[in-house]
Amino acid sequence: MSDTRLKIGMRIGTLLVVGSLAACAGLDGSGSLPADAPRTVGAERSRDRDHERLIAAFGGEARAPQAQRLLSDVTKRLIEASDRPDESFQITILNSSAVNAFALPNGRLYVTRGLLALANDTSEIAGVLSHEIAHVTLRHASQRSELQARSTLIKRVTENVLNDAKEAAAMQNQSRSTLASFSRSQELEADQAGVKVLARAGFDPYGASRFLAALGRSASGSDGSADMMASHPSTRERITLALQAARRASAPGVGEAGRIEYLSALEGLAYGDDPADGVVRGRRFIHSRLGVAFEAPEGFTLENTSQAVLGASADGSRRLLFDAADTPNGQSLEEVLRSTWNDTIEPGSLRTETMNGLPVATALSIGKEWSFRLSAIRIGNTTFRLIMAIRSGSGDLEGLFQRTLATVRQVQPEEAREIRPLRLEVVIAREGDTAQSLASRMAIDRPLDRFLLINGLDRNQALKVGERYKIAVE
């Protein structure tokens with residue numbers, strides 16, 4: 001949850017919707033110029049602004065010098081092996097845990113640190129970059145079907161991410177940053193061209209299909225990552241065609257995979273939430289900048305999105321939402337709840353009290369299938385909202401709500417300064433190590449699922465003694 005103040009009226013649907021969506025995309029910030037047009041000073045300045053706005057929309061640039069050097073070297077090799085070796089490309093790592101990559105037609109490439117964490121060797125990340133480079137070298141953004149999209153895409157993306165329009169709120173509540181995708185045929189064309197360049201550059205061409213498989217596992221929802229493939233052709237189809245292209249290019253084991261080199265470059269890379277936007281540690285949520293913390297009930301899993309913290313029990317019958325509200329000066333907490341909740345508040349249920357030294361207003365709303373407990377809590381000049389929902393007959397809403405509300409507290413500056421991001425550490429498996437034992441070292445929710453995902457492992461797959469694996473530690 002960022003410090004952007006929300007301007008949305010809560011409804012039952014807002015609290016109950018949880019989903020995922022994101023896409024790889026080629027963007028052109030010039031708006032009216034085709035990709036092949038000569039560059040002008042005005043266009044260059046516009047592209048620079050677009051670059052800056054995109055970086056801001058995705059949390060800024062990630063500080064990862066080792067990974068940056070590796071990606072720059074990989075990009076150089078791919079360009080030299082492409083059909084347009086004279087073109088210039090520049091790679092930026094975005095400080096986002098979402099899994100995403102995209103390119104601008106002027107040669108700017110972007111990958112998120114979430115995507116870097118998902119890849120497991122140099123050829124896999126080279127496959128991603130080769131695909132994005134292919135979108136640019138094949139001039140996909142200048143094709144007729146993309147003209148209108150590219151003229152408005154930068155503006156729409158950044159407004160959706162940075163502002164509080166209804167569409168933006170819907171996307172951000174689902175923890176996703178949606179970019180317009182290329183057409184199905186363009187995606188498949190970029191896949192095929194990318195695999196060819198991958199092989200020409202000396203990389204293992206099968207790395208592309210391996211990463212697509214990892215992306216498919218990520219899209220299944222095992223870690224809540226944004227699904228980069230959501231509006232692309234089916235992952236299974238892309239894997240099949242990428243494998244066919246790899247077989248035409250080279251026999252297995254011939255190209256360079258670069259696993260050790262890649263994992264070494266990832267050592268120390270930030271993983272998961274940025275503490276500046278709040279962090280989830282198991283059932284606890286702490287936001288250092290806003291100075292607030294709370295703990296979800298036993299059995300809940302939390303997801304920190306850009307506009308709210310969402311929580312749910314395993315069966316989905318109990319849910320919560322926690323966010324910061326945009327409140328006019330002088331607005332009472334009771335008025336906050338009335339303006340927040342567009343559904344009926346039960347008569348006589350609206351009350352004020354003090355909890356943990358903080359002023360609090362609470363209320364009750366009962367629907368046909370769900371019941372809701374609402375609260376507004378003021379810390380300094382910021383008003384937070386904790387809303388809990390429970391399906392009728394699924395438990396004690398009042399007890400659940402009161403126990404959770406009692407954990408909402410102000411975070412002091414000293415505690416805030418001690419919050420550190422999780423970082424990737426590469427460990428070598430020893431005799432007796434298992435996925436479970438290595439995952440147990442990860443200070444994160446669902447550690448086994450996360451460990452399997454970022455290491456490309458199946459649930460019952462044994463570890464190899466002497467092999468390197470990624471874990472996320474504080």
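Every value quoted in this text rests on a predicted model; they were computed, and no experiment measured them.

Asker: I keep staring at the overall build of the protein chain and nothing clicks. Help me out?
Answerer: Assigned secondary structure in the protein chain consists of 16 helices and 18 strands. Evaluated residue by residue, the protein chain yields a buried proportion of 54% over its 474 residues. By element, 47% of the accessible surface of the protein chain is carried by carbon and sulfur atoms, the whole surface being about 20100 Å².

Asker: Sorry, what's going on with the packing of helix α5 (residues 122-137) against helix α8 (residues 184-200) here?
Answerer: The axes of two packed helices give the description: the angle between them and the distance between them. The N-to-C vectors of α5 and α8 enclose an angle of 125°; their axes lie 8 Å apart at closest approach. With respect to each other, α5 and α8 are oriented oblique. Crossing angle aside, the handedness with which α5 passes α8 is right-handed. Between α5 and α8, the contacting residues are Ser123, Ala126, Gly127, Ser130, His131, Ala134 and His135 on the first element and Gln186, Glu187, Ala190, Asp191, Ala193, Gly194, Val197 and Leu198 on the second. Class assignment for the residues of the contact of α5 with α8 results in six nonpolar, seven polar and two charged.

Asker: Can you help me understand unusual backbone geometry in this one?
Answerer: Most of the time, phi is negative for any residue but glycine, and the peptide bond is trans. Of note, the phi angle at Asn356 is positive, near 55°, even though the residue is not glycine. Its place among the elements puts Asn356 in the loop between β12 (351-355) and β13 (358-366). For Asn356, a relative accessible area of 48% corresponds to the partly exposed category.

Asker: How should the sheet that holds β13 be read in this particular structure?
Answerer: Strand pairs in the sheet, formed through backbone hydrogen bonds, run parallel or antiparallel to each other. Across the sheet, which stays open at both edges, the seven strands sit in the order β9-β10-β11-β15-β14-β13-β12 with antiparallel pairing between neighbours. Two strands close off the open sheet at either side, each with one partner strand: β9 (300-304) and β12. Across this sheet, the average inter-strand angle for adjacent strands is 20°, counted without regard to direction. Bridging between β12 and β13 involves five bridges; their strand directions are antiparallel. Counted as the bridge partner of Met355 is Leu358 from β13. Sitting on the sheet, helix α13 (residues 397-405) touches β9, β11 (318-325), β12, β13, β14 (370-379) and β15 (382-391), and the angle it makes with β14 is about 20°.

Asker: Would you take a moment to explain empty space enclosed by the protein for this structure?
Answerer: One water molecule sets the probe size; rolling that probe over the atoms shows where empty space is left. Throughout the structure, instances matching the rule amount to two cavities of 30 Å³ or more. When its residues are assigned to classes, the lining of the second largest cavity shows four nonpolar, two polar and one charged.

Asker: Quick question: what am I supposed to make of the pairing of strand β10 (residues 309-313) here?
Answerer: Two faces, one strand: in a regular strand the side chains alternate between the faces of the sheet. Summarising burial for β10: four of the five residues are buried, a large majority. When β9 meets β10, the two strands line up antiparallel, connected through five bridges. The residue bridging Asn304 from the neighbouring strand is Val309, located in β10. Across four bridges, the pairing between β10 and β11 is antiparallel. Residue pairing for β11: Ala312 is matched across the bridge by Arg319. In this structure, the hairpin formed by β10 and β11 is closed by a connection of four residues, where Gly316 is found at a positive phi of approximately 75°.

Asker: Quick question: what am I supposed to make of the environment of Leu290 here?
Answerer: Of note, Leu290 is situated in the loop between β7 (284-287) and β8 (292-295). Accessibility expressed as a relative area gives 12% for Leu290, which makes it buried. Taking the C-alpha atoms as reference points, Leu290 and Gln410, separated by 120 residues in sequence, lie 8.9 Å from one another.

Asker: Looking at this structure, how should I read the packing of α8 against helix α10 (residues 235-249)?
Answerer: One can describe the packing of α8 onto α10 by two numbers: an axis separation of 9 Å at closest approach and a directional angle of 30°. Between α8 and α10, the angle is such that the two are roughly parallel. Crossing of α8 over α10 shows right-handed handedness. Residues Arg184, Glu187, Leu188, Asp191, Gln192, Val195 and Ala199 of α8 pack against Glu237, Arg238, Leu241, Ala242, Ala245, Ala246, Arg248 and Ala249 of α10. Here the contact of α8 with α10 is built from residues that sort into eight nonpolar, one polar and six charged.

Conventions used here
Residues numbered from 1 in each chain as written. Predicted model: local features only at pLDDT ≥ 70, side-chain atom pairs only at ≥ 80, totals over all residues. Heavy atoms only, no water. Helix = DSSP H or I, 4+ residues; strand = E, 2+ residues; numbered from the N terminus. Buried < 20%, exposed > 50% of the residue type's maximum accessible area, 1.4 Å probe, protein only. Areas by Shrake-Rupley, 256 points an atom, 1.4 Å probe, with all protein chains shown as cover. Axes fitted to C-alpha atoms, helices over the stretch in contact; angles between N-to-C directions. Parallel < 35°, antiparallel > 145°, perpendicular 65-115°, else oblique. Left-handed = near helix turned anticlockwise from the far one by under 90°. Contact = heavy atoms within 4.5 Å. Nonpolar A, V, L, I, M, F, W, Y, C, P; charged D, E, K, R; others polar. Pairing = 2+ DSSP bridges. 1 Å grid on protein atoms, 1.4 Å probe; cavity = no way out; pocket = protein on both sides within 12 Å on 5 of 7 lines; lining within 4 Å. Points joined across faces, edges and corners; volume = space filled by probe spheres on them.

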